[in-house]
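# Survey of secondary and tertiary structure
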Amino acid sequence: MEALEAIKTRRSIRKFRSDPVPEEILEQILDAARWAPSAKNSQTWKFIVIKDLKIITDIAEVLRWGRFIPQAPVVIAVVVDPRLTPHPVEDGTLAAYSMLLAIHALGLGGCWVDPSYREEIIAPMLGISGEEKLISLIPIGYADETPVMPRKELRDIVFINRL
Ligand SMILES: Cc1cc2nc3c(=O)[nH]c(=O)nc-3n(C[C@H](O)[C@H](O)[C@H](O)COP(=O)(O)O)c2cc1C
């Protein structure tokens, strides 16, 4: 899929079929993450591939806006180390977005799920130390919905020279 088309047609997917994600597809998704930009090319990210349904279910139980994640056969947790980069949130976010685009371009669906308001509960479940930061959880699978989400018009968000 062409880049601009992928950017425009990607949607957050919250309903998944039960089909597994092939290993070679999963590897391509993870490979897309490491080509994201990062501050000073620090690349401090780590990606936890979670396939254990018990772990996914336990995480979903504490996430009000992530209850749906056990439908997905795999969830990737994006972790960064704030001791090693001046911009941990940006670095992790860009890696996550690279994966979201790759997921879509490869014919699957994913969603950014925010773990921040339960990080102290979820981090120990995944072996993440108190020094590291859990940026995002990304459930991945074959989509069982085709959502439509509107966007603001360019004229409402673009300004020339100043606001
Ligand atoms: C920082 C951030 C946090 C988000 N948290 C959640 C979440 O916890 N659960 C969820 O279902 N979607 C979450 N989303 C997805 C947004 O709801 C979604 O991107 C937005 O509604 C636009 O829809 P689209 O991605 O289909 O274009 C999050 C997105 C971002 C960028």
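Scroll up a little and you will see the structure.
Every value quoted in this text rests on a predicted model; they were computed, and no experiment measured them.

As enumerated under the stated definition, the model contains 1 cavity of 30 Å³ or more in all. In this structure, the largest cavity spans a volume of roughly 30 Å³. What lines the largest cavity is simply Arg10, Arg11, Leu100, Ile103, His104, Leu108, Gly109 and Gly110. Breaking the lining of the largest cavity down by element, the ones donating at least two residues are α4 (88-105) and β3 (109-110). Per-element accounting of the lining of the largest cavity gives the leading share, 3 residues, to α4. Here the lining of the largest cavity is built from residues that sort into 3 nonpolar, 3 polar and 2 charged.

Quick look at the pattern of salt bridges now. For side chains of opposite charge, pairing can occur when their charged atoms come near one another. Counted by the stated rule, this structure contains 7 salt bridges. Lys51 is the partner of Glu23 in a salt bridge, and the nearest nitrogen-oxygen pair spans 2.2 Å. You can see Glu23 sitting in helix α2 (residues 23-33) and its partner Lys51 sitting in the loop between β1 (46-50) and α3 (53-62), a full 28 residues away along the chain. A relative accessible area of 46% means that Glu23 is categorised as partly exposed. Exposure remark for Lys51: the relative accessible area of 45% places this residue in the partly exposed category.

Calculation notes
- Residues numbered from 1 in each chain as written.
- Predicted model: local features only at pLDDT ≥ 70, side-chain atom pairs only at ≥ 80, totals over all residues.
- Heavy atoms only, no water.
- 1 Å grid on protein atoms, 1.4 Å probe; cavity = no way out; pocket = protein on both sides within 12 Å on 5 of 7 lines; lining within 4 Å.
- Points joined across faces, edges and corners; volume = space filled by probe spheres on them.
- Helix = DSSP H or I, 4+ residues; strand = E, 2+ residues; numbered from the N terminus.
- Nonpolar A, V, L, I, M, F, W, Y, C, P; charged D, E, K, R; others polar.
- Salt bridge = Lys/Arg side-chain N within 4 Å of Asp/Glu carboxyl O.
- Buried < 20%, exposed > 50% of the residue type's maximum accessible area, 1.4 Å probe, protein only.

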